[in-house]
Amino acid sequence: MQPEKSNKKSNPKKTKLKKFYPKIFSLILLVTTIAVFSIANKNKEKLKNNTDINQLAETSSQNVKNTDIGNLHGQEKELKKELRAVWIPFMDLQVQDFNEENFKKHYKDILDKVEKINLNTVFVQVRPFSDALYPSKLFPWSHILTGKQGKNPGFDPLAFMIEETHSRNIQFHAWIVPMRIKNTHFPQDLSEMNPCVKWEKEEPEKFKKYVVKTQEYEYYDPQYEEVRKLIADGVKEIVEAYNVDGVNFDDYFYPANNLWVDGKFTGSMEKITQEKKDEENQIRKKRSESINLLISEVYSLIKSIKSEVLFGVCPQGNFDNLEKAGVDVMTWTKNQGYVDYLCPEIYTNSENPVLPFEKAASDWRKLCSDKKISLYAGLGLYKTGTNEYDKGSWLKSDDIIKNQIEHLRRENYDGFALYSSVYLDRRENQIEVQNIMKILS
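Values in this document were obtained by computation on a predicted structure and should not be read as measured data.

Novice: Let's hear about the overall build of the chain: which residues, and what values?
Specialist: In terms of helices and strands, the chain carries 16 helices and 12 strands. Looking at the chain as a whole, 47% of its 441 residues qualify as buried.

Novice: Run through the layout of surface pockets, naming residues and quoting values.
Specialist: Here the largest pocket defines a volume of roughly 640 Å³. Lining the largest pocket we find 29 residues, and of these Asp251, Tyr252, Glu345, Tyr347 and Tyr382 sit closest to its centre. A per-class count over the lining of the largest pocket returns 14 nonpolar, 9 polar and 6 charged.

Novice: Quick rundown of the side chain of Ser191? Include the residues and the values.
Specialist: As for its placement among the helices and strands, Ser191 is situated in the loop between strand 4 (180-183) and helix 7 (195-202). By relative accessible area, Ser191 is classed as buried at 9%. Here the side chain of Ser191 touches Met193 through a polar contact of 3.0 Å, landing on its backbone nitrogen.

Novice: Tell me about the packing of helix 4 (residues 100-117) against helix 6 (residues 157-167), residues and numbers included.
Specialist: At a closest axis distance of 11 Å, the pairing of helix 4 and helix 6 adopts a crossing angle of 35°. For the crossing formed where helix 4 meets helix 6, the hand is right-handed. Here Phe103, Lys104, Tyr107, Lys108 and Leu111 of helix 4 come into contact with helix 6, specifically with Pro157, Phe160, Met161, Glu164 and Thr165. When its residues are assigned to classes, the contact of helix 4 with helix 6 shows 6 nonpolar, 1 polar and 3 charged.

Novice: Lay out the packing of helix 14 (residues 357-367) against helix 15 (residues 400-410) in plain terms, naming residues and giving numbers.
Specialist: Contact geometry of helix 14 with helix 15 gives a least axis separation of 11 Å together with a crossing angle of 30°. Comparing their axes, helix 15 and helix 14 come out roughly parallel. You can see that helix 14 and helix 15 cross each other, and the crossing is right-handed. Facing Phe357, Glu358 and Ala361 of helix 14, the residues of helix 15 in contact are Gln404, His407 and Leu408. In terms of residue class, the contact of helix 14 with helix 15 is built from 3 nonpolar, 2 polar and 1 charged.

Novice: Describe helix 6, with residues and values.
Specialist: Along helix 6, the residues that are buried comprise Pro157, Leu158, Phe160, Met161, Ile162, Glu164 and Thr165. The secondary structure elements touched by the buried residues of helix 6 are helix 3 (90-93), helix 4, strand 2 (121-127), helix 5 (143-146) and strand 3 (171-176). You can read the cap of helix 6 off the contacts: a side-chain oxygen lies 3.1 Å from the backbone nitrogen of Leu158, and it is on Asp156. Residue Asn169 follows helix 6 closely and has a positive phi angle near 60°.

Novice: Describe the sheet that holds strand 5 (residues 211-213), listing the residues and the values that go with them.
Specialist: Spatial strand order, 4-6-5: 3 strands in an open sheet with antiparallel pairing. Edge positions in the open sheet fall to strand 4 and strand 5, since each of these has one partner strand only. Each adjacent strand pair in this sheet contributes to an overall mean axis angle of 15°, direction not counted. Bridge count between strand 5 and strand 6 (residues 217-220): 3 bridges; the pairing is antiparallel. From the neighbouring strand, Lys213 faces strand 6, where its bridge partner is Glu218. Along the sheet, helix 7 makes contact with strand 4, strand 5 and strand 6, crossing strand 6 at roughly 85°.

Novice: Break down the pairing of strand 2 for me, citing the residues and quoting the values.
Specialist: The element strand 2 is extensively covered by neighbouring structure, given that 7 of its 7 residues are classed as buried. Bridge count for strand 1 (residues 83-88) against strand 2 is 4 bridges, and the pairing is parallel. Its bridge partner lying in strand 2, Trp87 is registered against Phe123. Examined bridge by bridge, strand 2 and strand 3 share 6 bridges and lie parallel to one another. By the bridge assignment for strand 3, Val122 is matched with Phe172.

Novice: If you had to explain the environment of Met91 to someone new, which residues and values would you point to?
Specialist: Assignment of secondary structure puts Met91 in helix 3. Along the primary structure Met91 and Gln125 are separated by 34 residues, whereas in three dimensions their C-alpha atoms are 9.3 Å apart.

What counts, and where the lines are drawn
Residues numbered from 1 in each chain as written. Predicted model: local features only at pLDDT ≥ 70, side-chain atom pairs only at ≥ 80, totals over all residues. Heavy atoms only, no water. Helix = DSSP H or I, 4+ residues; strand = E, 2+ residues; numbered from the N terminus. Buried < 20%, exposed > 50% of the residue type's maximum accessible area, 1.4 Å probe, protein only. 1 Å grid on protein atoms, 1.4 Å probe; cavity = no way out; pocket = protein on both sides within 12 Å on 5 of 7 lines; lining within 4 Å. Points joined across faces, edges and corners; volume = space filled by probe spheres on them. Nonpolar A, V, L, I, M, F, W, Y, C, P; charged D, E, K, R; others polar. Polar contact = N/O pair within 3.5 Å; in protein donor to acceptor, adjacent residues only side chain to side chain. Axes fitted to C-alpha atoms, helices over the stretch in contact; angles between N-to-C directions. Left-handed = near helix turned anticlockwise from the far one by under 90°. Contact = heavy atoms within 4.5 Å. Parallel < 35°, antiparallel > 145°, perpendicular 65-115°, else oblique. Pairing = 2+ DSSP bridges.

Written as structure tokens, this is what we have:
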């Protein structure tokens with residue numbers, strides 16, 4: 001169909017304008033072309049930039065895979081890095097001619113040895129005998145400083161030791177003997193400020209209940225709430241006032257070889273009747289309940305003050321002795337709210353007939369399967385280089401501790417602690433120490 005023709009006459013102005021249509025069209029086409037090319041170039045540049053960004057993102061992602069995640073793993077490993085500790089007991093802290101200068105020099109010398117061997121943590125005994133190496137409102141000054149319990153040394157040893165330790169990037173755990181008041185040798189005289197002396201003079205009935213005496217020790221009985229509070233408050237004043245990384249209790253709980261003292265056990269261990277066995281079991285149960293209460297209360301108290309401060313226990317390595325002493329490690333490892341770490345003292349070698357090292361380490365690893373609880377092992381450095389222990393079997397090799405550390409690593413332990421600092425540079429076991437250093441670089 002042909003388009004219908006118009007009957008209207010032509011307009012001269014319009015006819016004249018039509019002459020310019022091609023030029024106008026060309027101009028529009030030129031402007032459009034320029035605009036299109038301009039937009040295209042911008043898009044191309046944007047695309048290039050996007051490509052660069054994508055490449056950058058891909059590169060960054062790859063870097064995260066190669067570096068950042070590695071760093072994250074490194075940080076996680078750092079948080080869970082191998083603990084390499086050494087115990088510093090009160091005996092190792094004593095100096096013959098005590099004064100502030102000599103004490104500080106002596107402690108620095110100890111840390112020099114710790115650094116040389118590449119250890120990263122110290123367990124320092126700050127309350128050995130119901131006393132303190134710091135100004136305490138609850139316990140008297142320790143006799144290990146001045147030779148006399150209760151005598152002010154004129155400075156704060158704990159504050160100094162923490163500051164000096166941290167200045168060397170070494171962690172400081174305050175080691176406490178929670179229940180022990182004295183043994184057959186130390187201290188010879190108790191201060192008038194000692195809680196047990198106050199009870200004996202002012203509240204003798206409490207003293208009879210709260211303080212238990214054996215031939216070897218005098219100690220506090222934690223079955224009583226007031227006793228547990230005394231011990232916990234002693235921990236509290238340390239955590240509140242000092243920048244400690246951790247607090248640990250050692251293995252001095254109830255005497256494992258004596259069931260008479262706290263339960264009025266009257267039977268002969270050689271001729272024990274069923275009735276006496278039942279009595280013995282009741283005593284052990286009561287001991288466990290008391291210790292569990294103490295441990296859980298101290299743990300909760302520490303976390304309420306500074307949640308980052310760790311709390312651990314260094315029990316004996318022998319499970320039979322632990323049961324007798326009321327140390328219920330099964331409960332601690334299977335339930336939250338007791339400990340952050342355990343460091344059983346496995347001071348034996350492979351030839352020990354009662355507790356071979358490898359078996360003990362394996363048994364503890366199986367018991368402590370909760371990853372939230374770190375597991376370390378205490379190693380008997382003091383036995384190396386001498387024939388005094390285990391029928392001289394520690395002299396058969398000069399790399400026993402080194403091999404034990406490597407075994408702990410295979411068992412996925414989180415670290416170890418050596419007993420004790422005085423044996424880090426003893427002449428008799430220097431080859432042993434040098435072998436240890438080879439795997440701690």
